[in-house]
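Structural overview for review
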Amino acid sequence: MRKNIVAGNWKMNTTLPEGLALAKELDAALKGKTVNCDVVIGTPFTHLATVAAAIDTAKIGVAAENCADQDKGAYTGEVSAAMVASTGAKYVILGHSERRAYYHETAEILKTKVTLALANGLTPIFCIGEVLEEREAGKHFEVVEEQIKSSLFDLSVEDFGKIVLAYEPVWAIGTGKTATSDQAQEIHAYIRKVVAAKYGETVANDCSILYGGSCNASNAKELFSKPDVDGGLIGGASLGVDKFLPIIEAF
Ligand code: PEP
């Protein structure tokens, strides 16, 4: 069954005490509330175990924002998928455009990360999206198709069924520019078609495809009203409960 998901991506923000306070505030705000989507918060590695222990993880899933492309060993400073899973986190954001751009994460590296995440029981939230020049050149469809194919299409049907996709046009991330709901719907429907052609209609229909890029309390309802937009990956607006909660409640 396709799930609606609102996932926060805190990026490199909040110290541990600040992050813990934010997570606890969200936990308290959701207590006793019925919401119509799964809620996830993506925190820095340093916060995962503390946050997971402090909140009701049945209500709020915890995500890492990355994991290593190696299983274990002499990779100083890296954090493996097994380590992430051992904190109580259930998700990992992979392929975020900031990781692709600043840390040179290639399709091949991401493919390995996805495999390791799945092998360790984590749900990858796999990000795809075009840069502005690609959108302006009308290449956004082929760009996202290639990103999906090159990192995910060696997965078995069963494993692909565990992936959450996040379409994030790079020109909309942190810029205050949002894709219109029609632009989001158009490309989400295309992504679902690409998935259906490889894995079949059922898998494609069950796949949650989130929109990310300056999603906020004012535009979330309109974006989430589209049939192929199954929620959001939220950066800036996930850093305050006053901004994040209305997005959750947009469902
Ligand atoms: C993101 O980084 O995934 C994101 C969507 O950021 P923002 O909401 O700040 O544009």
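Report follows, based on the coordinates. What you are looking at is a predicted structure, and each value in this text was computed from that prediction instead of being measured.

Relative to each other, helix α7 (residues 140-152) and helix α9 (residues 181-199) sit at 40°, their axes nearing to 10 Å. Comparing their axes, α9 and α7 come out oblique. Where α7 crosses over α9, the two elements pack in a sense that is right-handed. Note on element contacts: α9 touches α7 through E186, I187, Y190, I191, V194 and Y199, opposite H140, F141, V144, E145, I148 and L152. When its residues are assigned to classes, the contact of α7 with α9 shows nine nonpolar, one polar and two charged.

Now for the packing of aromatic side chains. The relation between two aromatic rings is expressed through the spacing of the ring centres and the mutual angle of the planes. Under the defined criterion, the tally for this structure stands at seven aromatic pairs. Here F153 and Y199 contribute two aromatic rings whose centre-to-centre distance is 5.4 Å and whose plane-to-plane angle is 85°, an arrangement assigned as edge-to-face. Of the two residues, F153 is situated in the loop between α7 and α8 (157-160) and Y199 in helix α9; the sequence distance between them amounts to 46 residues. Per residue, the accessibility class of F153 equals that of Y199, and both read buried. Of the aromatic side chains, those joined through ring pairs into one cluster are F153, F160 and Y199. Just above the ring of Y199 sits the side chain of K198; from NZ or CZ to the centre is 5.8 Å.

Looking now at the sheet that holds strand β7 (residues 209-212). Hydrogen bonds between backbone groups are what pair the strands of a sheet, and the pairing can be parallel or antiparallel. Pairing is parallel in the closed barrel, where eight strands are placed in the order β1-β2-β3-β4-β5-β6-β7-β8. Strand-to-strand, the axes of this sheet are offset by a mean angle of 25°, without reference to chain direction. Inspection of the sheet shows strand β2 (residues 38-42) paired to strand β3 (residues 60-64) by four bridges, in the parallel sense. Bridging across to β3, V40 finds its partner in G61. Running at roughly 145° to strand β5 (residues 123-128), α7 makes contact with β5 and β6 (164-167) of the sheet.

Below, the discussion takes up the packing of helix α1 (residues 16-30) against helix α12 (residues 241-248). Relative to each other, α1 and α12 sit at 40°, their axes nearing to 10 Å. The pairing of α1 with α12 is recorded here as oblique in orientation. Handedness of the α1/α12 crossing: right-handed. Between α1 and α12, the contacting residues are L22, E25, L26, A29 and L30 on the first element and V241, F244, L245 and I248 on the second. Its residues placed into classes, the contact of α1 with α12 shows eight nonpolar, no polar and one charged.

Moving on: the environment of S151. Along the chain, S151 turns up in helix α7. Along the primary structure S151 and V114 are separated by 37 residues, whereas in three dimensions their C-alpha atoms are 7.9 Å apart. Beyond its immediate stretch of four places on either side in the chain, S151 contacts A107, L110, K111 and F126.

Taken together, 14 residues are adjacent to the ligand, and K11, H96, E168, G174 and S214 come closest. At 2.6 Å from an oxygen atom of the ligand is found a side-chain nitrogen or oxygen belonging to K11. With respect to the ligand, the backbone of G236 contributes an N or O atom lying 2.8 Å from an oxygen atom.

Counting residues in each nonpolar core, the largest one holds 67 residues, and the members touching the most others are L152, F160 and L165. A per-element tally of this core places α9 first, with seven residues. Leave out the neighbours within four places in its chain, and F160 touches L152, F153, L155, L165, V195, Y199, V203 and C207.

On inspection of all chains with the given rule, the structure shows 14 salt bridges. With a shortest N-O distance of 2.7 Å, E98 and K11 are connected by a salt bridge. Of this pair, E98 sits in helix α4 (residues 97-102) while K11 sits in the loop between β1 (5-9) and α1, and the two are 87 residues apart along the sequence. Residue E98 is classed as partly exposed on the basis of its relative accessible area, which comes to 24%. Ionic pairing is found between E249 and K33, a salt bridge with its closest N-O pair at 3.4 Å. You can see E249 sitting in the segment after α12 and its partner K33 sitting in the loop between α1 and β2, a full 216 residues away along the chain. Note on K33: relative accessible area 31%, which makes it partly exposed. By sharing partners, the salt bridges in this structure join R2, R192, D228 and D230 into a single network.

Cut-offs applied
- Residues numbered from 1 in each chain as written.
- Predicted model: local features only at pLDDT ≥ 70, side-chain atom pairs only at ≥ 80, totals over all residues.
- Heavy atoms only, no water.
- Axes fitted to C-alpha atoms, helices over the stretch in contact; angles between N-to-C directions.
- Helix = DSSP H or I, 4+ residues; strand = E, 2+ residues; numbered from the N terminus.
- Parallel < 35°, antiparallel > 145°, perpendicular 65-115°, else oblique.
- Left-handed = near helix turned anticlockwise from the far one by under 90°.
- Contact = heavy atoms within 4.5 Å.
- Nonpolar A, V, L, I, M, F, W, Y, C, P; charged D, E, K, R; others polar.
- Phe/Tyr/Trp six-rings, centres within 6.5 Å; stacked < 30°, edge-to-face > 60°.
- Buried < 20%, exposed > 50% of the residue type's maximum accessible area, 1.4 Å probe, protein only.
- Lys NZ or Arg CZ within 6 Å of the ring centre and 35° of its normal.
- Pairing = 2+ DSSP bridges.
- Near = heavy atom within 4 Å.
- Polar contact = N/O pair within 3.5 Å; in protein donor to acceptor, adjacent residues only side chain to side chain.
- Core = buried A, V, L, I, M, F, W, Y, C linked by side-chain atoms within 4.5 Å.
- Salt bridge = Lys/Arg side-chain N within 4 Å of Asp/Glu carboxyl O.

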